[in-house]
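The primary structure of each chain is shown beneath.
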Amino acid sequence: MRKGAAPEIRTLSPPQLEALLAQLARRLPAELYQLVEQLLRTLQWVMGLIEAKEVSLQRLQRLIFGAKTEKTRPLFAPSAPGTSQTAAATPRPKRKGHGRTPAAAYTGAKRVRVAHPQLRPGQPCPNCKKGKLHALKVLGQIVRIAAQPLFAATRFELEKLRCCLCGRLFTAPAPPEAGLGKYDPQVGHLLGYLRFGTGVPHYRLERMQTDLGVRLPAATQWELMAQAGQVLQPVHEALRTLAAQGQVIHNDDTPMRVQSLTKAAAAADGPGPERTGIFTTGLVAQVADHTIALFVTGHRHAGENLDALLAHRVGDAPPPIQMCDALSRNPAKEFQSLLANCLSHGRRQFVDVAQNFPQECQYVLLRLGEVYKNDAQAKQLQLDPAARLRFHQEHSQKLMADLHDWMRQQLDGHQVEPNSGLGQAFSYMLKHWEPLTLFLRQAGAPLDNNICERALKMAILHRKNSLGYKTQNGARLGDLFMSLIHTCRLCAANPLDYFNTLQRHAKEVLAQPSQWLPWNYKETLPATDTG
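A few points on the structure. (Residues numbered from 1 in each chain as written. Predicted model: local features only at pLDDT ≥ 70, side-chain atom pairs only at ≥ 80, totals over all residues. Heavy atoms only, no water.)

Before going further, it helps to examine helix α17 (residues 450-466). Its 17 residues give α17 an end-to-end C-alpha distance of 25 Å, which sits within 8% of 24 Å, the value for a rise of 1.5 Å per residue. Of all the residues in α17, the buried ones are Ile451, Cys452, Ala455, Leu456, Met458, Ala459, His462, Arg463 and Ser466. (Helix = DSSP H or I, 4+ residues; strand = E, 2+ residues; numbered from the N terminus. Expected span 1.5 Å × (residues − 1). Buried < 20%, exposed > 50% of the residue type's maximum accessible area, 1.4 Å probe, protein only.)

Spelled out as structure tokens, the structure:
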């Protein structure tokens, strides 16, 4: 083909693509097959969007490469109505101390108390010779950060003695710090945190540790993580049961790859399984003053996983508020809930077409911005759910009512083409108006599903760095670690300290897992436990 010339466009139907992938799975190595499968499915997805004409080029660009910003101010030119030239040109001043990390923020640092080499409290002042010195509560702070391998090894060399007459061998006893096994129990927990909390694949960690002289094979990493996961399982089950009682439950999906499920679908005789798609569902539940994050990977959609969670809900409990986007697969089907839709998704419809319809989109975005400002003010005032509801009804209800009437007038007065991008944005908001505005009628209803979308970034990071999971068992272990790690982050707990504490008290955790949750485990610790 001549350089720069357009290639011949070839399209494959979904059955043809699955048949091609089945052939490639038998001929290509596993890692190469995953890469080829990802490229082919991406190409099919992009071609499908373009052929269906359901997405603008600008939205397609955002879907593929991500959005630089969704804030209102950068979307419009400074000369647009309602935009201040001075405000757009003048950057916001940075707060005092911006970019600096205080010494108190290094909570994991080893603390060393340094006394003055010559002076002591109570001694005469060497300067004025009259007063006496006293110690201050505020100490001077110096932080020193040193480099070290993630996993360090100690080689204990035990002296051996042999009798020259009887030949008996005498070996020096191992010191207590040598432990009972080759691997410290904390190794498995750190491996799980690196793999599922930060997205470090096994092979990269193996290569780094080999370079640093402390080998840690990928197969060994998996075995250690699986052993560590057994200790965490009782707490994970307790969190699931507690999350089912949540007053507000957020849920959403992201595509995931599980190699064993993909190969099983490709090798199935006949029409194949009823559903071939694989997803990771994020469930974020607000339970009293605590927030719980759960991840579930498999063929089921977010709504089906929510139904499975609500099966553990107490029978006489009131229906929870369910926050999700407007996809039909997200709401619960078997259990009753108060459906709330994500206002950010409705706002995003206008962000995507803001360059084509600047005045109309700016009108909508500015009013939605006022609603978000009211919500931020309610959080700043630390209002309880009932007071927050009254605050929104007083300050946000008229904004939303005026916006609803204006959009309806634009459509009914034929000021906007219904099939245009702006018309579709109007239709989306008006069609889902009731769940989008539940926060004006129900105490505790959130405005958006952002907390769940942020949680799913853990699964997305794993998918990008590791190309998914190899087996269902690996997916279950990943869901376990991600659930506990993100729950720790939501309640400001140290995940590694939490995992190591559970390891040291494995029997107590198995007996009473509800006493060893991320927000109460330190209160349960015995006084003799120094960590």
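Summarising burial for strand β4 (residues 279-287): eight of the nine residues are buried, a large majority. One ladder, built from eight bridges, connects strand β3 (residues 248-255) with β4; its direction is antiparallel. Note on β4: the bridge partner recorded for Pro255 is Phe279. In terms of strand pairing, β4 meets strand β5 (residues 290-298) through nine bridges, oriented antiparallel. (Pairing = 2+ DSSP bridges.)

According to the stated counting rule, one finds eight aromatic pairs in the structure shown. Plain terms: the ring middles of Phe350 and Phe426 are 5.7 Å apart, the flat faces sit at 50° to each other, and that makes the pair tilted. With Phe350 in helix α11 (residues 343-352) and Phe426 in helix α15 (residues 421-431), the pair connects residues that are 76 residues apart, well separated along the chain. Classification of Phe350 as buried rests on a relative accessible area of 0%. Since its relative accessible area comes to 0%, Phe426 is described here as buried. Just above the ring of Tyr363 sits the side chain of Arg367; from NZ or CZ to the centre is 3.7 Å. (Phe/Tyr/Trp six-rings, centres within 6.5 Å; stacked < 30°, edge-to-face > 60°. Lys NZ or Arg CZ within 6 Å of the ring centre and 35° of its normal.)

For the rest of this paragraph, the subject is the side chain of Arg313. Position of Arg313 relative to the elements: it lies in the loop between α10 (302-310) and β6 (321-324). Comment: no salt bridge for buried Arg313; closest opposite-charge side chain is Asp316, at 8.3 Å. Among the polar contacts listed, one links the side chain of Arg313 to the backbone oxygen of Gly246, at a separation of 3.0 Å. For Arg313, the contacting residues outside a window of four places in its chain are Ala244, Gln245, Gly246, Pro318, Pro319 and Pro320. (Lys, Arg positive; Asp, Glu negative; His and termini not counted. Salt bridge = Lys/Arg side-chain N within 4 Å of Asp/Glu carboxyl O. Polar contact = N/O pair within 3.5 Å; in protein donor to acceptor, adjacent residues only side chain to side chain. Contact = heavy atoms within 4.5 Å.)

Moving on, we get to the layout of surface pockets. Using a probe with the size of a water molecule, rolled over the atoms, empty space left in the structure can be pinpointed. Here the second largest pocket defines a volume of roughly 1400 Å³. Lining the second largest pocket are 34 residues, with Leu150, Phe151, Ala152, Asp184 and Val187 positioned closest to its centre. If you list the elements that add at least two residues to the lining of the second largest pocket, you get α6 (185-197) and α19 (495-504). Looking at the lining of the second largest pocket element by element, the count peaks at five residues for α6. (1 Å grid on protein atoms, 1.4 Å probe; cavity = no way out; pocket = protein on both sides within 12 Å on 5 of 7 lines; lining within 4 Å. Points joined across faces, edges and corners; volume = space filled by probe spheres on them.)

Right, let's get into the pattern of salt bridges. Considering all chains together, one arrives at 10 salt bridges under this definition. Linking Arg388 and Asp375 is a salt bridge whose minimum nitrogen-to-oxygen distance equals 3.0 Å. Here Asp375 lies in helix α12 (residues 358-380) and Arg388 lies in helix α13 (residues 385-395), a separation of 13 residues in the sequence. One exposure class covers both Arg388 and Asp375, and it is buried. A salt bridge links Arg441 to Glu434, with the shortest nitrogen-to-oxygen separation between them at 3.5 Å. Each of Glu18, Glu37 and Arg41 takes part in one network of salt bridges that share partners.

Scanning all chains against the criterion turns up one cavity of 30 Å³ or more. The space that makes up the largest cavity amounts to roughly 50 Å³. As for the largest cavity, its lining consists of Tyr33, Gln34, Glu37, Arg257, Val258, Gln259, Thr262, Leu467 and Tyr469. Looking at the lining of the largest cavity, the elements with two or more residues in it are α2 (30-52) and α9 (259-267). For the lining of the largest cavity, the leading source of residues is α2, giving three residues. Here the residues of the lining of the largest cavity sort into four nonpolar, three polar and two charged. (Nonpolar A, V, L, I, M, F, W, Y, C, P; charged D, E, K, R; others polar.)

Judged by nonpolar contacts, the single largest core of 59 residues is most densely connected at Phe151, Leu191, Val235, Leu309, Phe481 and Leu502. At the level of secondary structure, the elements contributing two or more residues to this core comprise α6, α8 (218-243), β4, β5, α10, α17, α18 (472-490) and α19. In this view, Leu309 contacts Arg240, Ala243, Ala244, Ile249, Leu283 and Leu294; residues no more than four positions away in its chain are not counted. Counting residues in hydrophobic clusters, the runner-up holds 33 residues, among them Ala340, Leu411, Leu436 and Phe439. (Core = buried A, V, L, I, M, F, W, Y, C linked by side-chain atoms within 4.5 Å.)

Topologically, His189 is positioned in helix α6. In this structure His189 touches Ala228, Leu232, Phe481, Leu496, Phe499, Asn500 and Gln503, once residues within four positions along its chain are discounted.

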